[in-house]
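Residue-level listing of the chains:
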There are 2 protein chains.
Amino acid sequence: MVNKKCIIRLSRYKSALQRLKALGFVKVFSGNLADAAGVTSSQVRKDFSLFGITGNRRGGYSVDELIAKILEILGKNELQRVVLVGAGNIGTALMRYKGFESGGIKIVAAFDIDPEKINRRSELPVLPLEEFADFVKQNSVRVGILAVPDIAAHHVSELMIRSGIMGILNFAPIQLRGADKVIINNINLEVELENLIYFVNAMQKTGQIE
Amino acid sequence: MVNKKCIIRLSRYKSALQRLKALGFVKVFSGNLADAAGVTSSQVRKDFSLFGITGNRRGGYSVDELIAKILEILGKNELQRVVLVGAGNIGTALMRYKGFESGGIKIVAAFDIDPEKINRRSELPVLPLEEFADFVKQNSVRVGILAVPDIAAHHVSELMIRSGIMGILNFAPIQLRGADKVIINNINLEVELENLIYFVNAMQKTGQIE
DNA sequence: GAGTATTTGATATTTTTTTCACAACAATTT
DNA sequence: AAATTGTTGTGAAAAAAATATCAAATACTC
């Protein structure tokens, strides 16, 4: 009933609303939000109705209320703690990425097998992979980012699931298949680029797309 | 008719086939591929029929032929040159990422406004942003990766489009709206994590999902 | 405070995507 | 060589998602 695309739109509405709020808006109509998020106003209202979000007929929606409700739905009222496995290229970039904290998401620890990468004293400690299960259990972390080379990805994903992780954001270039009751979102850079290249080629051939 | 999801599946079939080939498989049935890619066999055959890919009734498909045809469709017969803007956290990680080259994609140059980041002598040169338009035109690059902070993203995307870039892979945490005849794929890490968190929460509440 | 204009919310319609079902066909067996 | 088995390819059916429609509601005007 509530599918992935719908939640992604909610995230987008949230960002748009926060922008609108920063600009001083107090009320918003479904049409405004739709424009800001690149969808139709019907879509916005449909999505809202799915979560029981209501506005005032003719009066639109209160920006503050909307933001509050969406944050609630997305579970952003409390800080979400996330762990990271793989302190390589992408892992390190994610560790340094500042954008998460403002959004209520915090990488609380990273893990790697390479002893050289271990650093317990850092604000964001890098710990040996052997400590992963204990850490996750003790801190009841439920979401993990997987940024290890493809050869290790399957093995690490199993460790994560075994340790109690229920959601994995996978950057390894293999399609991880979710076990039961585990959500896996794959981000595959090569696939994204291939996609782009296909449509660019197609557009160049036909002069038009879609 | 041919939509984004379909091309993403093609990419997945390609990976699965390359794996199967490495394992020594010569023939494959739609069901095998479906399993490997996590879809139904109908889906596989439908996708193939869209691109005029045919097999032998009862004989399945030749792995080599399939790979060749998919590579052809995805435009992977020639090396695809890509540029990158933003040599920060994520940009640098992408520059170092080795996975692309094996897949026929090569980042040929990166660009940044920070003079400290400029490095013309590197194998993957980092050039000042002012040179972007010229470089893209002279090298007829059509795909670019955008990895700059959100404040700069809009401005840079316009520069890219003005310079002739037709496909943008956007890592900035804002939803870039595609101009006409420009494809934009957005990768928003926060949105991905929010998504994961929502479903993990939902699962924990209900004990089941989907 | 009646009348008007405008927006929501719910339902209906359309479009898109996926799955089903099965005829046509090609290996394999008898 | 006939029968059988198993797989493709495709058109039809079903499911899912997006969009359009419009009565009900409510803010605003005069």
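Look up: the structure comes first, before these words.
Residues numbered from 1 in each chain as written. Chains lettered and ligands numbered in written order. Predicted model: local features only at pLDDT ≥ 70, side-chain atom pairs only at ≥ 80, totals over all residues. Heavy atoms only, no water.

(A) Inspection of the interface of chain A and chain B at higher detail. Tallying the contact residues gives 63 residues for chain A and 62 residues for chain B. Between chain A and chain B we count eight salt bridges in total. When the shortest N-O distance is used, the salt bridge between Lys-76 of chain A and Glu-190 of chain B registers 3.2 Å. Between the two partners, chain A and chain B, sit 22 residue pairs in polar contact (both at pLDDT 80 or more). For the side of chain A that touches chain B, the elements supplying multiple residues, two or more each, are helix H1 (4-22), helix H2 (30-37), helix H5 (89-96), helix H6 (99-102), strand S6 (143-146), strand S7 (167-170), strand S8 (183-186) and helix H9 (189-206) of chain A. (Contact = heavy atoms within 4.5 Å. Salt bridge = Lys/Arg side-chain N within 4 Å of Asp/Glu carboxyl O. Polar contact = N/O pair within 3.5 Å; in protein donor to acceptor, adjacent residues only side chain to side chain. Helix = DSSP H or I, 4+ residues; strand = E, 2+ residues; numbered from the N terminus.)

(B) Quick peek at the sheet that holds strand S5 (residues 126-128) of chain B. Residue and element names in this part refer to chain B. Read across the open sheet, the six strands follow the order S5-S4-S3-S6-S7-S8; overall the sheet is parallel. Single-partner strands in this sheet number two, and they are S5 and strand S8 (183-186). Pairs of neighbouring strands in the sheet enclose a mean axial angle of 25 degrees, with direction left out of account. In the packing of helix H7 (residues 132-139) onto the sheet, the strands contacted are strand S3 (80-85), strand S4 (105-112) and S5, and the crossing angle to S3 comes to about 175 degrees. (Pairing = 2+ DSSP bridges. Axes fitted to C-alpha atoms, helices over the stretch in contact; angles between N-to-C directions.)

(C) A look at the pairing of S7 of chain A. Residue and element names in this part refer to chain A. Burial along S7 is two-sided: Gly-167 and Leu-169 facing one way and Ile-168 and Asn-170 facing the other are all buried. In this structure, S6 lies alongside S7, joined through four bridges in parallel fashion. Looking at the pairing, Leu-146 lines up with Asn-170 of S7. For the crossover from S6 across helix H8 (residues 150-162) to S7, the handedness is right-handed. Where S7 meets S8, four bridges bridge the pair, whose relative direction is parallel. Among the inter-strand pairings, Gly-167 is bridged to a residue of S8, identified as Ile-183. (Buried < 20%, exposed > 50% of the residue type's maximum accessible area, 1.4 Å probe, protein only. Right-handed = clockwise from strand over helix to strand, strands pointing away.)

(D) Here's a closer look at the pairing of strand S3 (residues 80-85) of chain A. Residue and element names in this part refer to chain A. The buried fraction of S3 amounts to five of the six residues, a majority that puts the element mostly inside the structure. Of the strand pairs in this sheet, S3 and strand S4 (residues 105-112) are connected by six bridges, and their pairing is parallel. Each residue of the ladder has a partner; that of Val-85, found in S4, is Phe-111.

(E) Representation of the packing of H1 of chain A against helix H3 (residues 41-50) of chain A. Residue and element names in this part refer to chain A. One can describe the packing of H1 onto H3 by two numbers: an axis separation of 11 Å at closest approach and a directional angle of 105 degrees. If you check the angle between H1 and H3, you find them roughly perpendicular. Judged by residue contacts, Cys-6, Arg-9, Leu-10 and Tyr-13 of H1 engage Gln-43, Val-44, Asp-47 and Phe-48 from H3. Here the contact of H1 with H3 is built from residues that sort into five nonpolar, one polar and two charged. (Parallel < 35°, antiparallel > 145°, perpendicular 65-115°, else oblique. Nonpolar A, V, L, I, M, F, W, Y, C, P; charged D, E, K, R; others polar.)

(F) Local environment of the protein's contact with DNA strand D. Taken together, 23 residues are adjacent to DNA strand D, and Arg-45, Gly-55, Arg-57, Arg-58 and Tyr-61 of chain B come closest. Within 4 Å of the protein, the contacting atoms of DNA strand D are drawn from sugar and phosphate to the extent of 61%. A distance of 2.8 Å separates a phosphate oxygen of DNA strand D from a polar atom in the side chain of Asn-3 of chain A. In this structure, a phosphate oxygen belonging to DNA strand D sits 2.8 Å away from a side-chain N or O atom of Ser-30 of chain B. Mapped by element, the contributors of at least two residues to the surface near DNA strand D are H1 and H3 of chain A together with helix H3 (41-50) of chain B. Broken down by element, the residue count for the surface near DNA strand D peaks at four residues, all from H3 of chain A. (Near = heavy atom within 4 Å.)

(G) Quick look at the relation of the copies chain A and chain B. Overlaying chain A on chain B yields an RMSD of 0.1 Å, the required transformation being a rotation through 180 degrees with an accompanying axial translation of 0.0 Å. The transformation just described matches what one would write down for a two-fold rotation axis. Nearest to the rotation axis, the C-alpha of Ala-93 of chain A is located 3.1 Å from it, this being the minimum over chain A. Mapped onto chain B, 98% of the interface residues of chain A are again interface residues, and the two copies thus contact each other with one and the same surface. (Least-squares fit on C-alpha atoms with pLDDT ≥ 70 in both.)

(H) A look at the packing of aromatic side chains. All names here are of chain B. Tallied over the entire structure, the rule returns 14 aromatic pairs over all chains. Ring geometry for Phe-111 against Phe-132: centres 5.0 Å apart, planes inclined by 80 degrees, an arrangement best described as edge-to-face. On the criterion of sequence distance, the pair formed by Phe-111 in strand S4 and Phe-132 in helix H7 is long-range, its members being 21 residues apart. You can call Phe-132 buried: its relative accessible area is 0%. An angle of 70 degrees between the planes, with centres 5.6 Å apart, marks the rings of Phe-111 and Phe-135 as edge-to-face. Separated by 24 residues along the polypeptide, Phe-111 in strand S4 and Phe-135 in helix H7 bring together distant segments of the chain. (Phe/Tyr/Trp six-rings, centres within 6.5 Å; stacked < 30°, edge-to-face > 60°.)

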